[in-house]
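A look at the structure
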2 protein chains.
Amino acid sequence: MENKKIKIGLIGLGTVGSGVFKTLSDFENVEVVKIAVKNKNKQRNIPNLDESIVTDNAYEVVNNPEIDIVVELIGGTNPAFDLIKTAIENGKHIVTANKELLAKHGEELFNFAEQHNKVVLYEAAIAGGIPIIMPIKTILAGNKINKIEAILNGTTNYILTKMDVQHSSYSDVLKEAQELGYAETDPTGDVEGFDAAYKITTLATLAFKKRVKIENVYKEGITKVRAEDMKAANDLGYKIKLIASAKLDEQGRADVRVHPMLISKKSTLAHIDYVTNAVSLTGHPLGSITLSGPGAGEFPTASSVVGDILAIVKELGTTDYLLPMMRCDHHETAEFIPVSETENKYYLSLDAKNNKGVIGNIGNICAEYNISLESIVQKNVSENNTADITVITEICKEKDMQGAVKAFETSEFINKVNSLIRVQG
Amino acid sequence: MENKKIKIGLIGLGTVGSGVFKTLSDFENVEVVKIAVKNKNKQRNIPNLDESIVTDNAYEVVNNPEIDIVVELIGGTNPAFDLIKTAIENGKHIVTANKELLAKHGEELFNFAEQHNKVVLYEAAIAGGIPIIMPIKTILAGNKINKIEAILNGTTNYILTKMDVQHSSYSDVLKEAQELGYAETDPTGDVEGFDAAYKITTLATLAFKKRVKIENVYKEGITKVRAEDMKAANDLGYKIKLIASAKLDEQGRADVRVHPMLISKKSTLAHIDYVTNAVSLTGHPLGSITLSGPGAGEFPTASSVVGDILAIVKELGTTDYLLPMMRCDHHETAEFIPVSETENKYYLSLDAKNNKGVIGNIGNICAEYNISLESIVQKNVSENNTADITVITEICKEKDMQGAVKAFETSEFINKVNSLIRVQG
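Residues numbered from 1 in each chain as written. Chains lettered and ligands numbered in written order. Predicted model: local features only at pLDDT ≥ 70, side-chain atom pairs only at ≥ 80, totals over all residues. Heavy atoms only, no water.

1. Side note on the relation of the copies chain A and chain B
The condition is simple: When the copies are overlaid, the least-squares fit takes in C-alpha atoms only where the residue has pLDDT of at least 70 in both copies.
When chain A is fitted onto chain B, the two copies agree to an RMSD of 0.0 Å after a turn of 180° and an axial shift of 0.0 Å. Taken together, the rotation and translation relating the two chain copies correspond to the operation of a two-fold axis. By C-alpha distance to the rotation axis, the residue of chain A lying nearest is Leu291(A), at 2.2 Å.

Following this line, the structure appears as structure tokens:
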């Protein structure tokens, strides 16, 4: 006699979908019964794929009465959101890797699922194969998490690592990454920080048990990071990484952002290179942990999708209220600290006149804006009598630093403000 | 009207027990109703501790009909095992941090619990606050894990880190660690690798879904690692760490060990310093991930204990078959590769005569035992005409290396074999 197999419907059979299909074929208690694709005629190299279960109408998946779990892997909000809602209405549990949908419509999605007593799991949406969502919900549930610093986008981490090791410019490395398939033809979603912002929005919501609104997340990409900044950072004991961070202050106000950051070489994140992702989180009673691994890719992402599927499968039939720890049970919205009020350390690169008053002038401007300095280094006095000056500040207010930058831009001693990058503080 | 509180009994109120008690006081759905201690009269600095619930008879905890979950934090096999079995017979779920009990009697313990439909959770037993047990059981369940490399003992990692940064001897650093409370008066359990061996036994059993017998785990401590080895390793691009490793070969045979190892500075584990622990695991479809964080301590360990407690609390009353993914459902015993048949790279430090034939002699002996060499470096020719020679081999068989070591010991060119340490390969 055959055991009852749990029936799975897949929406999307791209890189991750193929990995999920192949991985599930090793499990005897599940069966993929329907797969929706964009183009049925596309040549696919997937062994044991029964073409008769492939459809180009995703509603054939979500409306299929046989299916227990719908796995959504197409991304974007439309039609993904409507497909998922329809599936939930039809009594299906959901596994998704859709970071954009979660960041933009998470609250509505989880409320809808809860009304229908269905679970929505999304381990694969954040940091690919790294186990982070389920651990926060389960084994770390005793903690008050108040800080996350993470590398959540493999493309930008690859580009920054290459810029560092090759001493190359952003545009040269981007071109190379595009040729190798590590960056898309239109790289905006990655290099401008959208992808990382979606992920940190959901991660912070979960970790802080308060809803973080994507429109409150400060975002700055890597396109302005220069090879010279990489070198200067290295000389000062830092690496430059695109860091997605989330902090709760003592009043419970959130500060969630994505931007390049100088990270001490002594920090674990400084050693996370190429397409690897990592999440460091701090809380009480835990202290700090760092989880690192592959942030994308066919098989690593499939590990997370299949883990979510198996968690549902294991509880189906044992209880009417599946996976109570995996439910979303926070409805408070996080209050935000305005970016101008946030406090940071800064790295500042100035193109200055090689004039004996220049250091004093920089010091005076900083003092005027309540900015204390950790170091000023002057280098490369060039033929046209200009000097590269690198400043590292102590912790100061963003609005003061923005004021100082304006003052530098009008100072007669400064030709140009090359870069302003925050420093891990 | 008050919600029903889940009743907790604690056995042990030392460092971890105190942390658990303090952490649980923030949760309104649980209540510690009985605590067993060794010495009732000991002065404890625990706010809000009601002395009337403290007993020096642990059977008052396990026999208390009110209690839902018993938390065992005394360690060792006796009386812990009997206490836990009695608690299970009395209908209680178990949370334990007892790595020795799990390593020596895990199979019996889990079978006993399963017969009584009770769960035994043990996140805190391995790697303190790092989430590793629950992730392997849940979100990583779709993987075939075939390799673990881990730093599981904080005391030895502290000693090795200090030896490295201070260029000090093992005995000097041990003394300092004992004075600071990082090492015990009798440090045997840590420095001889017992603690790490208990942990890797349970971790490998779980990851491989096959029972690993502690008597098959090869174990070597750090007492013979010399400051000179640290320096030589550094010069060659390595750090020396006490690594607990577990591998499955293609025939499914296990190779589980604890010993010092030269780890490439490019590896994540090389940057895990002082009392921090880390676990790297590799499997399919995941690839490799590394989880790092505090491996011990009052609060980090409490994070894991409380996480386990809350997982049980969340499901109590919703189903008669709690936490199906957290059950132990593997009963096969792992076949082992004999240590002499294992293959490794080696670091070898030789005290040799400064004789022009010496390098040739070393090369000949290695060739005789089928050992290829990656490098030979000769240094520090001293006044009495001896030379320090450092050899790094290619991957070769343990039994061949042991043969070569015997041959070096009788060679007229070699005064002494200083060290033989395996190298990450």
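2. As for the packing of helix α3 (residues 80-89) of chain A against helix α4 (residues 99-115) of chain A
Residue and element names in this part refer to chain A. Keep this limit in mind: Only the contacting stretch of a helix is used when fitting its axis, a line to C-alpha atoms as for every element, and angles between N-to-C directions run 0 to 180 degrees. What counts as a helix is a DSSP run of H or I of at least four residues, what counts as a strand is a run of E of at least two, and both are numbered from the N terminus. Throughout, the term roughly parallel applies to angles under 35 degrees, roughly antiparallel to angles over 145, roughly perpendicular to angles from 65 to 115, and oblique to all others. The hand of a helix crossing depends on one turn: near helix anticlockwise from the far one by less than a right angle means left-handed, and clockwise means right-handed. Here a residue-residue contact requires only that any non-hydrogen atoms of the pair lie within 4.5 Å.
Contact pair α3 / α4: the axes reach a minimum separation of 11 Å and the direction vectors enclose 15°. When the axes of α3 and α4 are compared, the pair comes out roughly parallel. You can see that α3 and α4 cross each other, and the crossing is right-handed. Where α3 abuts α4, its residues Phe81, Ile84, Lys85, Ile88 and Glu89 lie against Leu101, His105, Glu108, Leu109, Phe112 and Ala113.

3. Quick notes on the interface of chain A and chain B
How we decide: A simple way to read buried area is as the amount of 1.4 Å-probe accessible surface that goes missing from two parts once joined, with both sides added. Should a side-chain nitrogen of Lys or Arg be within 4 Å of a carboxyl oxygen of Asp or Glu, the pair is scored as a salt bridge. Counting of polar contacts relies on pairs of N or O atoms within 3.5 Å, with two restrictions inside protein: one atom must be capable of donating a hydrogen and the other of accepting it, and residues adjacent in sequence are counted only when both atoms are side-chain atoms.
Taken residue by residue, the interface counts 45 residues in chain A and 45 residues in chain B. Summed over both sides, the interface of chain A with chain B buries roughly 3500 Å², with 66% coming from carbon and sulfur. Of all residues in chain A, Ile139(A), Pro285(A) and Lys314(A) bury the most surface against chain B, accounting for 17% of the area lost on that side. Inspection of the region where chain A meets chain B yields two salt bridges. A salt bridge links Asp26(A) to Lys144(B); its shortest N-O distance comes to 3.6 Å. The interface formed by chain A and chain B includes six residue pairs in polar contact (both at pLDDT 80 or more). Secondary structure elements with two or more residues in the side of chain A that touches chain B: α5 (133-137), β12 (287-294) and α11 (298-315) of chain A.

4. Considerations on the sheet that holds strand β3 (residues 54-55) of chain A
Residue and element names in this part refer to chain A. Worth spelling out the cut-off: Pairing between strands requires that DSSP locate at least two bridges from one strand to the other.
An order of β3-β2-β1-β4-β5-β6 is seen for the six strands of this open sheet, with the pairing classed as parallel. Where the open sheet ends on each side, the last strands, each with one partner, are β3 and β6 (120-121). Relative to β6, strand β5 (residues 93-96) runs parallel, the two being bridged by two bridges. Paired with Ile94 across the two strands is Val120, which belongs to β6. Contacts from α11 reach β1 (6-11), β2 (30-36), β4 (69-72), β5 and β6, with the element oriented near 165° to β5.

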